[in-house]
Amino acid sequence: MNIVANWSYPTAIKMGRGRIKELADACKSLGMKKPLLITDRGLAPMQITQAALEVLEEAGLGRAIFADVDPNPNEKNLEAGIKAYKDGGHDGVVAFGGGSGLDLGKCVAFMAGQTRPVWDFEDIGDWWTRANSDGIAPIVAVPTTAGTGSEVGRASVITNSVTHVKKIIFHPKFLPGVVICDPELTVGMPKIITAGTGMDAFAHCLEAYSSPFYHPMSAGIALEGMRLVKEFLPRAYKDGTDIEARSNMMSAAAMGATAFQKGLGAIHALSHPIGAVYNTHHGMTNAVVMPPVLRFNREAIEDKIERAAAYLGIAGGFDGFYDYVLSLRAELHVPENLTAMGIANDRIDELSAMAIEDPSAGGNPVKLTLENTKQLFADCF
Ligand SMILES: [Fe+2]
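The residue numbering used here restarts from 1 in each chain and proceeds along that chain's sequence as written. Whole-chain, interface and lining totals are the exception, using all residues; otherwise, since this is a predicted model, local features are given only for residues with pLDDT of at least 70 and side-chain atom pairs are given and counted only at 80 or more. Values reported for side chains reflect all heavy atoms of the structure, with hydrogen atoms and water molecules removed beforehand.

Draft legend 1. Structural view of the overall build of the chain. Across its full length, the chain holds 12 helices and nine strands. For 381 residues, the compact-globule estimate of 2.2 N^0.38 gives 21 Å, and the chain sits close to it at 20 Å. Dimensions of the chain, computed from the C-alpha atoms along their principal axes, are close to 55 × 45 × 40 Å. Each residue's exposure class comes from its accessible area (1.4 Å probe, protein chains only) as a fraction of the maximum for that residue type: buried when under 20%, exposed when over 50%, partly exposed otherwise. Here the chain holds 381 residues, and the buried ones make up 56% of them. Residues are treated as being in contact if the distance between any of their heavy atoms lies within 4.5 Å. A sequence separation of at least 24 residues applies to 76% of the contacts in the chain between residues at least 6 apart. For the chain, the accessible surface area stands at approximately 15,200 Å², while carbon and sulfur atoms represent 54% of it. The numbering of helices and of strands both runs from the N terminus, where a helix is a DSSP run of H or I of at least 4 residues and a strand a run of E of at least 2. Only C-alpha atoms enter the radius of gyration; for comparison, a globular chain is expected to reach 2.2 Å times N to the power 0.38, where N is the number of residues. Shrake-Rupley sampling with a 1.4 Å probe provides the accessible areas, and residues are treated as covered by the protein chains on show and by no other component.

In structure tokens, the structure reads:
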């Protein structure tokens, strides 16, 4: 099945194999004449990145790239990116990559027109209204993984290089004007990244679906997102060249990030500090802590999960869903627990204190306290 589609929800999405060829048109449609492509160091020399630059060059849009981007982008990467953008006289950004390239690209476009420091725009209350929204440069997003969903998100995660704390920088105009979802760009992902990013998409859907807030639109998207992961993540993992599976995983990733406006929860609240302290892969960490978090939340979400299980064709209600998660993890070779991930069980107090302060904590169906979070962490080892 060849999936080709144009959607305008939540933004303009051009989905389909080979559609990276439309990159220059996408830039032009947003008024760009001299875009800056922003990606991470690892992707910069790769063929998919060079091919994207060629599309821009052939259309007379230049061939500018900034790739001084760490796996967890920080304010120093951001400053260097803004400098490259301004020095080059650019008028828009192509945010290209997995989470780091997308997040830093979006943030450079945002900060190019601001005078206040980036931390003044953390996702707290209405801080985003401090921004000069006329100064925000247009953004085309091109995901090369299927997990983060940052291509349809209104925020970027920037790590403070001094405190190592990840901050969410938010503005409605972070949402890219055009997204190109070309499944061929994800074909080269190693198996472990396919698994980790895919489980991130699943965690977004599961946590959004489980959060207690009233947002039926998001709940519906999250449910179908879980179904796509169930059907297509094992296929994409087994055969990375399965374009139908890769296409559907790109959809599931975008759906997860669209849905998590409804909230995230303890999977992310635990995963963020573990990633910050031990530099583990975000999606893989989510997958590791997922079963203990499901047990922890059981009482509050049992009815909802029973409905989800029915939709997903899983027998046995909550228990069936739980067993399904275990079998999916096994199929993807996810480590059994944090110990198997190589993490020592000696910083639970510190991790728990960080987890309850994490922005995701508020969306968990069971309120996280220092005491119950320590217990939850202990269960993850
Ligand atoms: Fe995530």
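After that view of the structure, there is still more to cover.
Draft legend 2. Quick peek at the state of the cysteines. Two cysteine sulfurs form a disulfide in these notes if their separation is within 2.5 Å. The tally for this structure, following the rule as stated, stands at zero disulfides. The closest cysteine sulfur to the non-disulfide-bonded C27 is located on C181, 15 Å from its own sulfur. The closest cysteine sulfur to the non-disulfide-bonded C181 is located on C205, 14 Å from its own sulfur. On the basis of relative accessible area, C181 is assigned to the buried category, the value being 1%.

Draft legend 3. Region of interest: the coordination of the iron ion. Bound to the iron ion are the protein donor atoms D200 (OD), H204 (NE2), H268 (NE2) and H282 (NE2), situated 2.2 Å from the metal. Counted as donors are N, O and S atoms no farther than 2.8 Å from the metal, or 3.2 Å for Na, K and Ca; water is not among the atoms, and sites may therefore look incomplete. Geometry is assigned from the angles between donors: four donors with all angles from 85 to 135 degrees make a tetrahedral site, four or six donors whose opposite pairs exceed 155 degrees while the rest stay between 65 and 115 make square planar or octahedral sites respectively, and everything else is labelled irregular. With four donor atoms in place around the iron ion and angles of 85 to 169° between them, the coordination shape is irregular. Going along the chain, you hit the donors of the iron ion in the pattern D-x3-H-x63-H-x13-H. A residue pair is termed long-range when its members are at least 10 positions apart, and D200 in helix α5 (residues 191-210) and H268 in helix α8 (residues 266-278) qualify at 68 residues. Across the pair, exposure class does not vary: D200 and H268 are buried alike.

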